[in-house]
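Summary of the model geometry
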Amino acid sequence: MRTSKFIVLEGLDGSGKTYACMTVKKILKKNGIKKIIIVREPGSTPIAEKIRNIIKNFHNYENIDKKTILLLMYACRIQLIKNIIKPNLKKNIWVISDRHDMSTFAYQGGGFGIEENTIKTLRNMMIGDFYPDLTIYLDVIPKISLQRIFIRSQPDNIEINNIDFFHKIRNSYLQLVKKNSKNITINANLNINIVQQDIKKKIEIWLKYENNMEPMVKKVL
Ligand SMILES: Nc1ncnc2c1ncn2[C@@H]1O[C@H](COP(=O)(O)OP(=O)(O)O)[C@@H](O)[C@H]1O
Ligand SMILES: Cc1cn([C@H]2C[C@H](O)[C@@H](COP(=O)(O)OP(=O)(O)O)O2)c(=O)[nH]c1=O
């Protein structure tokens, strides 16, 4: 039986996902979980990294349609799930992913306005019943997320969109996280140390629940 878990970090650009992936890894290690890999979407396989480059720099080539981006995201995801995520989970290696499927619903759906049913149909056709064991959504207001992005580096093609675009994505995330009890929300507007502590507290509660030590504790999450 598989004991490894698939944990996803979600949120706006600049919400702190990359940093949080490291935090989650440290917390898991402290709790005795030794074998862990971190991946990112889009990317983390040779083909997916090439596609990532196209997505992030498409203005250098030609205008890219939102539906093309949607298909490219799933192309990357299929490669990653098939070649990295599933084989590692099978070997009982835990996988932490910087973004996954919820990003597509929030960005291509909420942000770019592609119909949710179109994405759902594609999703079901492409990745079937594969879902994360836990999704940690880092909630941040667009004003703060954009400030962090601009300090970090030159914004990419998705990050150059205006603030309204990010409000739409955030609203979409807020709806999406409510849909499943396997989703945890963290207030990521706060100081980085407080964010880390909150992640630690919630992951440790979740770990206890997953190990069936405290079945009722899930209500606290
Ligand atoms: N809670 C926080 N408070 C202030 N700065 C933060 C916080 N979390 C992350 N950062 C900083 O914001 C930037 C973006 O963080 P990052 O982890 O790369 O976000 P993401 O992967 O979600 O785009 C980095 O410079 C990071 O150090
Ligand atoms: C996985 C995924 C990412 N994206 C976007 C979100 C990001 O703007 C971009 C990935 O860039 P990345 O630099 O990894 O994001 P972040 O700034 O959050 O670290 O791709 C989608 O639009 N749809 C998706 O399904």
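The name an unreviewed UniProt entry assigns to the protein chain is Thymidylate kinase, from the organism Buchnera aphidicola. Per UniProt, the comment on the protein chain under Sequence similarities (unreviewed entry) is "Belongs to the thymidylate kinase family."

Moving on: the pairing of strand S1 (residues 6–11). By the criterion of burial, S1 is predominantly enclosed, with six of the six residues buried. Covered by surrounding structure in S1 are Phe-6, Val-8 and Glu-10 together with Ile-7, Leu-9 and Gly-11, the residues of both alternating faces. Strand direction decides the pairing type here: S1 and strand S3 (residues 94–98), joined by four bridges, are parallel. Within S3, the residue paired with Leu-9 across the bridge is Asp-98.

Our focus in this paragraph is the site of ligand 1. Residues in close proximity to ligand 1 total 15 residues, the closest being Gly-14, Lys-17, Thr-18, Arg-152 and Leu-190. Contact distances for ligand 1 include 3.2 Å between an oxygen atom and a backbone N or O atom of Ser-15. Between ligand 1 and Leu-190, the relevant distance is 2.9 Å, taken from a nitrogen atom to a main-chain nitrogen or oxygen of the residue. Protein burial of ligand 1: of its 570 Å² of free accessible surface, 73% is covered by the chains.

Summarizing the sequence annotation, UniProt attributes the feature "binding site: ATP" (unreviewed entry) to Gly-11, Leu-12, Asp-13, Gly-14, Ser-15, Gly-16, Lys-17 and Thr-18 in the numbering used throughout. Residue placement: Ser-15 occurs in the loop between S1 and helix H1 (17–30). Setting aside residues up to four positions removed in sequence, Ser-15 forms contacts with Glu-10, Leu-138, Val-140, Arg-148 and Ala-188. Topologically, Thr-18 is positioned in helix H1. Accessibility expressed as a relative area gives 53% for Thr-18, which makes it exposed.

What helix H2 (residues 46–56) keeps buried is the set Ala-48, Ile-51, Arg-52 and Ile-55. What you see down the axis of H2 is that its buried residues fit within an arc of 110°, all on one side. Along H2, the residues that are exposed and aim more than 90 degrees away from the buried face are Pro-46 and Lys-50. Along its buried surface, H2 packs onto strand S2 (36–40) and helix H3 (66–90).

Right, let's get into the site of ligand 2. Close contacts around ligand 2 come from 17 residues, with Asp-13, Lys-17, Lys-56, Arg-99 and Thr-104 the closest. The contact in question runs from an oxygen atom of ligand 2 to an N or O atom on the side chain of Lys-17, over 2.6 Å. Between ligand 2 and the protein, one listed contact pairs an oxygen atom with a side-chain N or O atom of Arg-52 at 3.1 Å. Expressed as a share of its isolated accessible area of 550 Å², the protein-covered part of ligand 2 is 95%.

Per the counting criterion, the structure on display carries 12 salt bridges. Across the pair Arg-40 and Glu-49 runs a salt bridge whose closest N-O atoms are separated by 2.8 Å. On the accessibility criterion, Arg-40 (34% relative accessible area) is partly exposed. For Glu-49, a relative accessible area of 27% gives the class partly exposed. With a shortest N-O distance of 2.7 Å, Arg-123 and Asp-101 are connected by a salt bridge. Of this pair, Arg-123 sits in helix H5 (residues 116–127) while Asp-101 is found in helix H4 (residues 101–111), placing the two residues 22 residues apart along the sequence.

Calculation notes
Residues numbered from 1 in each chain as written. Chains lettered and ligands numbered in written order. Predicted model: local features only at pLDDT ≥ 70, side-chain atom pairs only at ≥ 80, totals over all residues. Heavy atoms only, no water. UniProt positions renumbered as here; feature names shortened; annotations may be inferred. Buried < 20%, exposed > 50% of the residue type's maximum accessible area, 1.4 Å probe, protein only. Helix = DSSP H or I, 4+ residues; strand = E, 2+ residues; numbered from the N terminus. Pairing = 2+ DSSP bridges. Near = heavy atom within 4 Å. Polar contact = N/O pair within 3.5 Å; in protein donor to acceptor, adjacent residues only side chain to side chain. Areas by Shrake-Rupley, 256 points an atom, 1.4 Å probe, with all protein chains shown as cover. Contact = heavy atoms within 4.5 Å. Arc of directions from axis to C-beta. Salt bridge = Lys/Arg side-chain N within 4 Å of Asp/Glu carboxyl O.

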